[in-house]
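Report on the structure
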Amino acid sequence: GEKITELVAKYTTPGNITPFGIESFDPIIREKCNLNGSLEDVHQSISIINKYGKIRGENGLPKLLPGINIIYGLDGQNKNTLKHNLENFQKILDSGNWARRVFVRKLTSPFGEQFDNYSDDDLKEFNNWSKTIESKFIVPMLKKVFPIGLEISELRMEMYKDGNSILRQMGTCPVRVVVLNKELKFDEFYKVKVVGYIGNRTIIGEII
């Protein structure tokens, strides 16, 4: 697995993501839902991906990083589940490893429909999960992967809205880059320097 990771990181387009089917860091859920691997396996795998994929490619992005999914509503969920998730997210931050993106989603059926039997209390709790994970992990990790001053190239102009240009790279779950108070040419490619952040998936860029 480590050799395969090395080869993928070497030849992939920089900015690629390897999705991890973590779903939950809660050991009760992991056992009850028969999720693959132990928590030790998960953190070791994240470290291996970072060992070879953390290096930045020619477009400014790390070559290959993990993507993490967290699901709300799994069997075995309890009052400590969010605590387990946050503790393991903090462990990733403390390790110096990076993750490229995190999705927090409600449980869906095998056919893709989202279950609609969530109570108002469930929805309130889910929103709390999303906001807490965003503030404790997603935004701090965004700032590590896209630090102030980082130069990012191959950004395609996609949208002009409210006086600002919105660009993205052509790749896996690309981050949004907003260039403030400037109208760029559609479908043209640009290079920017990171100068700020908006929320958990958008950065502010300055054309260079």
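As a starting point, this report considers the structure included with it.

**Observations concerning the overall build of the chain**
- When its secondary structure is counted, the chain shows five helices and eight strands.
- Ordered by position in the sequence, the α and β elements of the chain form the string α-β-α-α-β-α-β-α-β-β-β-β-β.
- Computed over its C-alpha atoms, the radius of gyration of the chain comes to 18 Å, within 12% of the 17 Å expected for a compact globule of 208 residues.
- Principal-axis analysis of the C-alpha atoms places the extent of the chain at approximately 50 × 45 × 35 Å.
- When contacts within the chain are restricted to residue pairs at least 6 apart in sequence, those whose partners lie at least 24 apart make up 68%.
- Accessible area for the chain stands at about 11,500 Å²; split by element, carbon and sulfur atoms hold 50% of it.
- Positive and negative side-chain charges of the chain, numbering 29 and 26 respectively, have mean locations separated by a distance of 5 Å.

**Brief notes about the side chain of Asn 59**
- Tracing the backbone shows Asn 59 in the loop between helix H3 (39-53) and strand E2 (64-72).
- Setting aside its immediate chain neighbours within four residues, Asn 59 contacts Pro 14, Glu 151, Ile 152, Ser 153, Glu 154 and Gln 169.

**Topic: unusual backbone geometry**
- Within the chain, Glu 23 stands out as a residue other than glycine whose phi angle is a positive 65°.
- Here Glu 23 falls in the buried class, since its relative accessible area comes to 18%.

**Looking at the pairing of strand E7 (residues 189-198)**
- Bridge count for strand E4 (residues 151-161) against E7 is four bridges, and the pairing is antiparallel. Paired with Ile 152 across the bridge in E7 is Val 192.

**Considering the sheet that holds strand E5 (residues 164-169)**
- What the five strands build is a closed barrel, ordered E4-E5-E6-E8-E7; its pairing is mixed. With direction set aside, neighbouring strand axes in the sheet form an average angle of 50°.

**Side note on helix H4 (residues 81-95)**
- The terminal C-alpha atoms of H4, which comprises 15 residues, lie 21 Å apart, in line with the 21 Å expected from a rise of 1.5 Å per residue.
- If you check which residues of H4 are buried, you get Thr 81, Leu 82, Asn 85, Asn 88, Phe 89, Ile 92 and Leu 93. Down the axis of H4, the buried side of the element spans an arc of 150°, and every buried residue falls inside it.
- On its buried face, H4 is in contact with helix H2 (27-32), H3, E2, strand E3 (101-106) and helix H5 (120-145).

Calculation rules
- Residues numbered from 1 in each chain as written.
- Predicted model: local features only at pLDDT ≥ 70, side-chain atom pairs only at ≥ 80, totals over all residues.
- Heavy atoms only, no water.
- Helix = DSSP H or I, 4+ residues; strand = E, 2+ residues; numbered from the N terminus.
- Rg over C-alpha atoms; globule rule 2.2 N^0.38 Å.
- Contact = heavy atoms within 4.5 Å.
- Areas by Shrake-Rupley, 256 points an atom, 1.4 Å probe, with all protein chains shown as cover.
- Lys, Arg positive; Asp, Glu negative; His and termini not counted.
- Charge placed at Lys NZ, Arg CZ, Asp CG, Glu CD.
- Buried < 20%, exposed > 50% of the residue type's maximum accessible area, 1.4 Å probe, protein only.
- Pairing = 2+ DSSP bridges.
- Axes fitted to C-alpha atoms, helices over the stretch in contact; angles between N-to-C directions.
- Expected span 1.5 Å × (residues − 1).
- Arc of directions from axis to C-beta.

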